[in-house]
Amino acid sequence: MSHKRLRGCLRSMLLCVIATGLSGVFAQPWSTRPASIVVFAPHPDDEVIGCAGIIMQALARGARVKVVAMTSGDGFPAAAAGVAHKAVDQVGPDDFFALSRFRQIQSRSALGILGGKADDLIVLGYPDGDLGSLYDSTDDKVIRQQFTKKNETYASIQKDYHTSVHGKPAAYQRSSVLGDLVELLTSLQPTEIYVTDESDGHIDHRAAFWFVRDAAKQVGYKGAFYTYLVHGLPAWPFPTGVTPNLPFESRKVDGELAPRGLPWPPPRRVPLSREQAQRKLKSIQAHNIPVVGMPEHQGEMESFVKSEEVFWTPLASSR
Ligand SMILES: [Zn+2]
């Protein structure tokens, strides 16, 4: 670094210190509130695929971070088979419960890799694969998950959110999901929300967006609202593979620009240092599952290790 640049840096640091001091004097109380970040993950692993960098950077600067797993990711027969060392057509409810336990342990240890605590994970325990039908159903209809046969929230390593707060689980109903989310937003008072994007190819990811958006509207949320993309269509991400030195790219696939339905460049790009990208890789590796018949699964997750994370702001124009 040259002397001239060093002087420039020192001057901007001084201005920053003055500005920070002034903001402490003149700013309203809510603007000096420390950042509180909530990352909503439809399944355990989505939080690190989309937001590992956001999580570790926020924790490093002393912000409060909570990861909310909306399901336990237990509706995935090929993964249950891998964990149970069984054939896919041999797995039963106990194997799906074992998968749920396995994936919660993975989320807790991934959070540890990012500098968080296991307690920063909140598990809602809604049915994997059924968030879309829950969102589309009437408020009081109870859904039974086809693999676990459960019809109410549960968690394995820790209590599910509803049980921990109300002493009993919540039925798998549209109104329960929305009720839990409204309560959470009210108690956590986030300044930044992250959730999967509405253009995602996985119905649970789209429904997670709809539910969190509706809950945010219900509580009159005024903070930042960002979305991240996991199952982008028709293919995502680019470039493929672990490329910690390269940014995400938009590419043409069969004449169509990917990712579908989203502006490019994305409105927010958050750079990751090389060290942060390596930690992101480790946190994704903490989610490794021997998925039967899908050897490409882990590699696809690791392809999200880039020199940045990218986010969209779909609600910015409507608010
Ligand atoms: Zn997912």
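Bear in mind the structure is a predicted one, so any value in this text is a computation, not a measurement. (Residues numbered from 1 in each chain as written. Predicted model: local features only at pLDDT ≥ 70, side-chain atom pairs only at ≥ 80, totals over all residues. Heavy atoms only, no water.)

> For this particular structure, what's the right way to read the nonpolar core?
Nonpolar side chains in soluble globular proteins tend to end up buried together. The biggest cluster of nonpolar side chains holds 43 residues, and the ones touching the most others in it are Val39, Cys51, Ile55, Tyr194, Tyr228 and Phe311. Mapped by element, the contributors of at least two residues to this core are strand S1 (36-41), helix H3 (46-60), strand S2 (64-71), helix H5 (93-113), strand S3 (121-126), strand S5 (224-228), helix H10 (274-285) and strand S9 (308-311). Sort the elements by how many residues they give to this core and H3 lands first, with eight residues. In terms of nonpolar packing, the next biggest core, distinct from the first, is built from 35 residues, Val38, Ile143, Ala170 and Tyr172 among them. (Core = buried A, V, L, I, M, F, W, Y, C linked by side-chain atoms within 4.5 Å. Buried < 20%, exposed > 50% of the residue type's maximum accessible area, 1.4 Å probe, protein only. Helix = DSSP H or I, 4+ residues; strand = E, 2+ residues; numbered from the N terminus.)

> Is there a simple way to explain the coordination of the zinc ion in this structure?
For a metal with four donors in a tetrahedral arrangement, the ideal angle between donors is 109.5 degrees, while six donors in an octahedron ideally sit at 90 or 180 degrees. Bound to the zinc ion are the protein donor atoms His43 (ND1), Asp46 (OD), Asp46 (OD) and His205 (NE2), situated 2.1 to 2.7 Å from the metal. Given four donor atoms and angles of 52 to 147° at the metal, the environment of the zinc ion is assigned as irregular. When its relative accessible area of 0% is taken as the criterion, histidine 205 is described as buried. (Donors = N, O, S within 2.8 Å, 3.2 Å for Na, K, Ca; no water. Tetrahedral: all angles 85-135°; square planar, octahedral: opposite > 155°, others 65-115°.)

> Sorry if this is basic, but what is going on with the sheet that holds strand S4 (residues 192-196) here?
The strands making up a sheet associate through backbone hydrogen bonding, with each pair oriented either parallel or antiparallel. Read across the sheet, five strands follow the order S3-S2-S1-S4-S5 without closing on themselves; strand pairing throughout is parallel. Here the strands that pair on one side only, and so sit at the sheet edges, are S3 and S5. Averaged over all pairs of adjacent strands, the angle between strand axes in this sheet comes to 20°, irrespective of strand direction. Sheet topology note: the S2/S3 ladder contains four bridges and is parallel. Directly across from alanine 69, in S3, lies its bridge partner valine 123. Helix-sheet contacts for H3 involve S1, S2, S4 and S5, and the interaxial angle to S1 is about 170°. Across the sheet, H5 lies against S2 and S3, angled at about 155° from S3, the strand it touches most. (Pairing = 2+ DSSP bridges. Axes fitted to C-alpha atoms, helices over the stretch in contact; angles between N-to-C directions. Contact = heavy atoms within 4.5 Å.)

Note that all results are geometric; they support no functional claim without further evidence.
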